[in-house]
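Observations on the three-dimensional arrangement
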Amino acid sequence: KYLEDRNVKIHLSTPVRNVVHELDPETGLPNRVLGLEVGSNSQFREFDTVVAATDVPGIKKLLPETFRQYDFFDKIYNLDTVPIATVQV
């Protein structure tokens, strides 16, 4: 309700196909995200803010290869995962 009152739109179950970004012409590093390609038809959409709720294997698939040039993003590929077991009562 809080977010809806502020005209925030939440897109659940919207698969992201690609993070569309610019590369700095001098360094070749990613410097600005322009938007996302989403849905089964990879429609380009612009967003003010994106929260990606994904597991480690999912974020590894989502991040463009060029992001690995930044140490912060490259460290994600060193994370190990373990199987998760839950009990719902």
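Shown above is the structure to which this text applies.
Structural notes, computed from the coordinates. Counting of residues starts from 1 at the beginning of each chain's written sequence and follows it residue by residue. Totals for whole chains, interfaces and linings use all residues, but because this is a predicted model, local features are given only for residues with pLDDT of at least 70 and pairs of side-chain atoms are given and counted only at 80 or more. In computing side-chain properties, one takes all heavy atoms of the structure into account and sets aside hydrogens as well as water.

**Looking at the pattern of salt bridges**
Whenever a carboxyl oxygen of Asp or Glu lies within 4 Å of a side-chain nitrogen of Lys or Arg, that contact is scored as a salt bridge. What the rule picks out here adds up to 4 salt bridges. Note that Asp5 is salt-bridged to Lys1, the shortest N-O span being 3.0 Å. Overall, the relative accessible area of 47% leaves Asp5 in the partly exposed class. One salt bridge in this structure joins Glu22 and Arg32, with 3.8 Å as the shortest N-O distance. A residue pair is termed long-range when its members are at least 10 positions apart, and Glu22 in strand S1 (residues 16–23) and Arg32 in strand S2 (residues 30–38) qualify at 10 residues. Only protein chains enter the accessibility calculation, which uses a 1.4 Å probe; a residue is then buried when its area is under 20% of its type maximum, exposed when over 50%, and partly exposed in between. Numbering of helices and strands starts at the N terminus; helices are DSSP runs of H or I of at least 4 residues and strands are runs of E of at least 2.

**Section: the sheet that holds strand S3 (residues 43–45)**
The 3 strands are arranged S1-S2-S3 in an open sheet whose pairing can be described as antiparallel. Only two strands of the sheet have a single neighbouring strand rather than two, namely S1 and S3. For this sheet, the mean angle separating the axes of adjacent strands, direction not counted, is 40°. Pairing of S1 with S2, which is carried by 7 bridges, proceeds in the antiparallel orientation. Within the sheet, the bridge partner assigned to Val19 lies in S2 and is Leu36. In this description, strands pair whenever DSSP reports at least two bridges between them. To obtain each axis, a line is fitted to C-alpha atoms, and for helices this fit is confined to the stretch in contact; angles are then taken between N-to-C directions over 0 to 180 degrees.

**Let's talk about unusual backbone geometry**
In this structure, Asn7 is a non-glycine residue whose phi angle is positive, near 60°. Mapped onto the elements, Asn7 comes out in the segment before S1. For Asn7, a relative accessible area of 68% gives the class exposed.

**Some remarks on a nonpolar patch on the surface**
What goes into a patch is any residue over 30% in relative accessible area without a salt bridge, connected to like charges within 9 Å or, for nonpolar side chains (Val, Leu, Ile, Met, Phe, Trp, Tyr), within 5 Å. Under the convention used here, a 1.4 Å probe and the Shrake-Rupley method define accessible areas, while residue burial counts only the protein chains that appear. Judged by side-chain polarity, Tyr2, Leu3, Val8, Ile10 and Leu12 come together as a nonpolar surface patch covering roughly 540 Å² of accessible area. Note on placement: Ile10 falls in the segment before S1.

**Description of the packing of aromatic side chains**
Pairing of aromatic rings covers Phe, Tyr and Trp, the last through its six-membered ring, and needs centres within 6.5 Å; plane angles under 30 degrees mean stacked, over 60 mean edge-to-face, and all others mean tilted. Inspection of the entire model under this criterion finds 2 aromatic pairs. Aromatic side chains Phe67 and Phe73 sit 5.2 Å apart centroid to centroid with 55° between the ring planes, which places their arrangement in the tilted category. Between Phe72 and Phe73, the aromatic rings sit 5.2 Å apart at their centres with planes inclined by 85°, giving edge-to-face as the arrangement. Taking relative accessible area as the criterion, Phe72 reaches 64% and is therefore assigned exposed. Overall, the relative accessible area of 23% leaves Phe73 in the partly exposed class. A cation sits over an aromatic face here: Arg6 above Tyr2, 3.6 Å from the ring centre. Charge-over-ring contacts are defined here by two conditions on Lys NZ or Arg CZ: a distance within 6 Å of the ring centre and an angle within 35 degrees of the ring normal. Geometry around Tyr77 places Arg68 over its ring, the cationic atom sitting 3.8 Å from the centre.

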